[in-house]
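# A closer look at the structure
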Amino acid sequence: MNKAVDLPAVGQRAWPIPGLQRLARKPRVTTFLLILPGTLWQAVLVGVSLVSVVLFSFWSSGFAGLQADYTLDNYKEIFTDRTFWDTALWTLEVVGFVLAGVVLIAYPAAYFLWRVVKSNTLKTVLLLLTIVPFWTSYLTRTITWIPMFGRNGAINEALQGIGIINQPLDVLLYSSEAMIFALWFLFIVFMIGPIFFSMSRIDEDVIAAAAVHGARPWRTFVHVILPLTKPGLMAGALFVVVLTMAEFFTERAIGGAQNPMLAGFILRQVDILNFAEGSAISVVLILMTLVLVGVMMRFFDLRKI
Amino acid sequence: MTVEIDRRYFLKRSLQMCGAVGLAGFGGVTLVGCGDEETGAAQLPPVPAGAADWEPSVTPRKDRQFRWEPLAEGKHARATGLTLSTIGLGVSVQDRFLKEFERRTGHKTTPKVTTLTAMITEWLSGGASKYTTVETNANRNSALWDHDLLLPIPVEQVVPWKRYARDLFTSKGALGYDRHNQWPLVQVWVDPADQKEFRLVPQFFNCDSIGYRPDLVGGDVDSWGVLVDPEFKGKSAILNDSLLTPGWCAGYMKANGLADIKDTANMTHDEVDQVIDFLTKKKKDGQFRVIWEDYGQCVNVLAAGEAVVTDAWNPVVEDVKKQGVPCKYATPKEGFTAWFHGIAIRKDTPDIEAALDYVNFCLEGWWGAQVATQGYYSPATTAKTYLDPMHRTSKKFTDWQWWYEGGANPRPKQGWPVNGRDTGSFDTRWGNIMHWMVWPDDPDYYAKRWNDFLAA
């Protein structure tokens, strides 16, 4: 008996692989197959790692390695440690300072690009200039700050040369202020692009309509432009918050390791092979980050970006 | 019928699948990892004939006795089909060393350079099977030894050892031997009493102190106390290490009657508290300009004058000098802090011959001569054979005279420049040891209090 053959409809091409059209009529199978490669990738690189960290946080460890003895001791240790809470609070403060600084710098810059710069070519060039430093490694961008902001660095030399200061400013390097300053400029690339692109999507007619209805420029900005750029702000804020929470290198290279954040806490546990307690702190850090993202979603549904 | 795949559906389904596969994957890995694997120890080759009479020679011998001996310029040993896969720090795992090893022996090499923590972590989490040897600090070696990952190496297999080993690694009467902790013998030997098998074959060693800018300090430094001296407030830097930094501070406080500490290398909780509280007060007073993390940062900090005094590794000072900046290594009256690095062989490596050839290569003399200009000592006196004719550091003094005998100054010399090693001869340095950097009984407490210090 001959098998029925799937003939293409009139005007359509035949499916290149036999049976594929039949498969396409099973949407759940198709969905599964389409998301399988990406899911496997995520599962291996993210899922297994995350599950491992959570499991290890309930184990004990020391010089002889990890023991699967399921205990709450690691969590008791960190939750009863005053330094842990102080460091967690400081980490949140740094996130706040960095986010505020990045928004205050990026928003006006994006607005300038959108409203003031008329030439599309110039817009592209200027936007590219904010992204180009991102093409170098994070470590290189951080380390280049040292010869600029050190006691004998370019900035201090210039300020002393002009006569603004008599002694070099120590605060420009190896201080918490220097660390936050460096983080503004490291993370600004994540904010300026999303804000600019959300501004670009605003219909000029909407702004014109606001003016026609008697709204002054400031009122138009607050009630029309700002709400419409919320998606870009929130997208950028998401990046900045998550990256700052995990920050450890700038804290050491620019901050002088004198104001450590939670990620540095984890590293110091790993240094002495205490993987279990390091995992417990990692779990707490992940939960804190998820809570922060959750709070942000109360202001804006990030799924709409 | 078509199903709309919107972002919400996609996120929900893929997160569910991700979690499920993640759990299954972890379960699978655990089951596989819990398997009762039988791994046999590597089969040791027979003890090489003529080993007892071997002598080092800079000039390649016509009929080489061993693969790792010097080979005539331009020649390359025939390929053996064996591979040495080694992991270690950048100071010991270097392309120039491994290329010479390949040339002499015909073995292939696969190096990996990483940090101490990363290499131990990798070995303990199942990564050991990728390597033939590990080049580690002795205080971390116990972690691998206690996990039964390493092969005891019969002393006869290390040809240069019998006649050329330094007594620091064989004798309790040697300069620098710590009677209290029994270092370094207890880390070198499976049984220090009979010394028949190595736990860790010493590869290079040194003792640390303070790097300083004599031009900015206005003189010479002779105490660890300079790092906590208010005169250098805001100009002092210390290493971000929960074990090493409290160690030297304990030595300083004990020697100056500031604390009652029995063993500065392995402190009790009370003793750690005394040291940390002292350092915390200094930190709050603004004593430290930076708490440095890595080698390059230390070099930059000293060279740029961000700090004028810092606890430092010897090569840091040498690298600062290479930039034309006056920099010296101090001889502290409280003593130096000692350490050694060694090579250990993985228990069931199939490339045991390559591993033993590498151990012998590192002690043959050439390797030791290469690391000498970084300030490191070789545990075998074979390096003298190579260093005696060399004048890489000074026209007047041979490299041996400079790096081992102190050049013009077997005792540390005041002022700048110094025509020899800053801290004097080998005997001067090793006769002045504060402690060896051992792994303490409770490193967790050190780390906990160190976090308190950093967050203060």
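Residues numbered from 1 in each chain as written. Chains lettered and ligands numbered in written order. Predicted model: local features only at pLDDT ≥ 70, side-chain atom pairs only at ≥ 80, totals over all residues.

Reports of interface size often rely on the accessible area that becomes lost once the parts have come together. The domain boundaries assigned to chain A delineate domain 1 (1-56) and domain 2 (78-304). Using only C-alpha atoms to locate each centre, domain 1 of chain A and domain 2 of chain A end up separated by 39 Å. (Domains from an automatic or database assignment.)

This brings us to the environment of Val116(A). Here Val116(A) is to be found in helix α4 (residues 82-116). The spacing of Val116(A) and Gln258(A) is 142 residues in sequence and 42 Å in space, taken between C-alpha atoms. (Helix = DSSP H or I, 4+ residues; strand = E, 2+ residues; numbered from the N terminus.)

In this section: the pairing of strand β8 (residues 288-292) of chain B. Residue and element names in this part refer to chain B. Of all five residues in β8, five are buried, a share of seventy percent or more. Sheet topology places strand β7 (residues 236-239) next to β8; four bridges connect them, and they run parallel. Bridged to Leu 239 within β8 is Trp 292. (Buried ≥ 20, exposed ≤ 12 C-beta atoms within 10 Å, placed from the backbone. Pairing = 2+ DSSP bridges.)

The next point concerns unusual backbone geometry. Each neighbour pair has its own omega, and for Trp183(B) with Pro184(B) the value is 0 degrees, a cis peptide bond. Here the amide bond leading from Trp416(B) into Pro417(B) is cis, since omega sits at -5 degrees, within 30 degrees of zero. With respect to the helices and strands, the residue Pro417(B) is situated in the loop between α15 (399-403) and α16 (426-430). The backbone phi angle of Tyr174(A) is positive, close to 60 degrees, even though this residue is not glycine.

The next subject is the domain arrangement of chain B. Residues and elements named next belong to chain B. Its domain assignment divides chain B into domain 1 (55-199 + 339-386) and domain 2 (207-335 + 432-455). Centre-to-centre separation of domain 1 and domain 2, based on C-alpha positions: 30 Å. Domain 1 puts 11 residues into the contact, and the matching count from domain 2 is 12 residues. For the side of domain 1 that touches domain 2, a count of residues per class yields three nonpolar, seven polar and one charged. (Contact = placed C-beta atoms within 7 Å. Nonpolar A, V, L, I, M, F, W, Y, C, P; charged D, E, K, R; others polar.)

Turning next to the environment of Gln65(B). Residue and element names in this part refer to chain B. Relative to the helices and strands, Gln 65 resides in the loop between α1 (7-33) and β1 (83-88). Judged by C-beta crowding, with 14 C-beta atoms within 10 Å, Gln 65 ranks as partly exposed. Each C-alpha atom of the pair Gln 65 and His 341 lies 27 Å from the other, and the pair is 276 residues apart in sequence. For Gln 65, the contacting residues outside a window of four places in its chain are Gly 50 and Trp 54.

All names here are of chain A. Here helix α13 (residues 230-245) crosses helix α16 (residues 275-299) at 165 degrees, and the two axes come no closer than 10 Å. Here α16 runs roughly antiparallel to α13, going by the angle between their axes. Crossing of α13 against α16: the hand is right-handed. Across the interface between the two elements, Met 234, Ala 237, Leu 238, Val 241, Val 242 and Met 245 from α13 touch Leu 285, Met 288, Thr 289, Leu 292, Val 293 and Met 296 from α16. The class makeup of the residues in the contact of α13 with α16 is 11 nonpolar, one polar and no charged. (Axes fitted to C-alpha atoms, helices over the stretch in contact; angles between N-to-C directions. Parallel < 35°, antiparallel > 145°, perpendicular 65-115°, else oblique. Left-handed = near helix turned anticlockwise from the far one by under 90°.)

Residue and element names in this part refer to chain A. Interaxial distance between α4 and α13 falls to 10 Å at its minimum, and their mutual angle equals 145 degrees. Crossing geometry of α4 relative to α13 is assigned as right-handed. Taking contact as the criterion, the partners of Thr 91, Val 94, Val 95, Val 98, Leu 99, Val 102, Val 103 and Ala 106 in α4 are, on α13, Leu 233, Gly 236, Ala 237, Val 240, Val 241, Thr 244 and Met 245. Counted by class, the contact of α4 with α13 contains 12 nonpolar, three polar and no charged residues.

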